[in-house]
Structure formats: structure tokens, C-alpha cells
Amino acid sequence: MTNDSSLTPEQEHLLLESYRTLTDLAETCRVPAVSAALRGALAELRVALDGQAVDLEDYYRPLRTVAAA
């Protein structure tokens, strides 16, 4: 019996798309609790994708902080 726990190409694509969306939100969100949750979610997603050998180099960019208005 094998343990097929790898992502399908479609799952990988959707996760990378989600990563980009979360990054965009984290860069523009001015609500501290939401911003912190987004940063945490991005960190968890990076760890999970790295564990599946998904290359994030083309997608990773350091988050810019949003100045309070």
C-alpha cells in the first residue's frame, strides 16, 4: 500500500494563487489583528509548500508594512 500524499498540479496552482492573494492582502490591510493573522497564514503556507517541494522563489517577496492612516 502506498501513501499518495503529493499535491496535484491543480492543487499546487491554487495554493500558489492563494499565496499571492494572501500576500496582497497582508500588504494592504490596516487592521492589526487581520494583518497578523495573514502573516501567520502565509508563514504556515510557506512551510507546508516547502514540505511538498513546491518552489516559492518566484512567488516569495518580503511583506511591506502598511503605515497607519
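In this report, the structure presented in the accompanying data block is examined. (Residues numbered from 1 in each chain as written. Predicted model: local features only at pLDDT ≥ 70, side-chain atom pairs only at ≥ 80, totals over all residues. Heavy atoms only, no water.)

1. A look at the overall build of the protein
Alright, step 1. When its secondary structure is counted, the protein shows 2 helices and 0 strands.
Alright, step 2. Looking at the protein as a whole, 19% of its 69 residues qualify as buried.
Alright, step 3. Carbon together with sulfur atoms contributes 55% to the accessible area of the protein, which is approximately 5200 Å² in total. (Helix = DSSP H or I, 4+ residues; strand = E, 2+ residues; numbered from the N terminus. Buried < 20%, exposed > 50% of the residue type's maximum accessible area, 1.4 Å probe, protein only. Areas by Shrake-Rupley, 256 points an atom, 1.4 Å probe, with all protein chains shown as cover.)

2. Considering unusual backbone geometry
Alright, step 1. Positive phi, close to 60°, is recorded for Ala-53, a residue that is not glycine.
Alright, step 2. Residue position: Ala-53 is located in the segment after helix 2 (32-51).

3. Considerations on helix 1 (residues 9-28)
Alright, step 1. Over its 20 residues, helix 1 runs 29 Å from end to end, which matches the ideal 28 Å to within 8%, given 1.5 Å per residue.
Alright, step 2. Along helix 1, the residues that are buried comprise Leu-16, Tyr-19, Thr-23, Ala-26 and Glu-27. Considered in projection along helix 1, the buried side chains sweep an arc of 95° and stay on one side of the axis. Away from its buried face, by an angle of more than 90 degrees, helix 1 presents the exposed residues Glu-10 and Thr-28. (Expected span 1.5 Å × (residues − 1). Arc of directions from axis to C-beta.)

4. Details of the packing of helix 1 against helix 2
Alright, step 1. Axis separation between helix 1 and helix 2 bottoms out at 9 Å; the angle between their running directions is 155°. Accordingly, the angle class assigned to the pair helix 1 and helix 2 is roughly antiparallel. As for how helix 1 packs across helix 2, the hand of that crossing is left-handed. Packed against helix 1, whose contacting residues are Leu-15, Leu-16, Tyr-19, Leu-22, Thr-23, Leu-25 and Ala-26, the element helix 2 presents Ser-35, Leu-38, Ala-41, Leu-42, Leu-45, Arg-46 and Leu-49 at the interface.
Alright, step 2. Counted by class, the contact of helix 1 with helix 2 contains 11 nonpolar, 2 polar and 1 charged residues. (Axes fitted to C-alpha atoms, helices over the stretch in contact; angles between N-to-C directions. Parallel < 35°, antiparallel > 145°, perpendicular 65-115°, else oblique. Left-handed = near helix turned anticlockwise from the far one by under 90°. Contact = heavy atoms within 4.5 Å. Nonpolar A, V, L, I, M, F, W, Y, C, P; charged D, E, K, R; others polar.)

5. Concerning the environment of Arg-46
Alright, step 1. Mapping Arg-46 onto the fold places it in helix 2.
Alright, step 2. Since its relative accessible area comes to 26%, Arg-46 is described here as partly exposed.
Alright, step 3. Counting along the chain gives 10 residues from Arg-46 to Leu-56, while the straight-line C-alpha distance between them is 7.6 Å.
Alright, step 4. At a separation of 3.2 Å, a polar atom in the side chain of Arg-46 contacts the side chain of Tyr-19. (Polar contact = N/O pair within 3.5 Å; in protein donor to acceptor, adjacent residues only side chain to side chain.)

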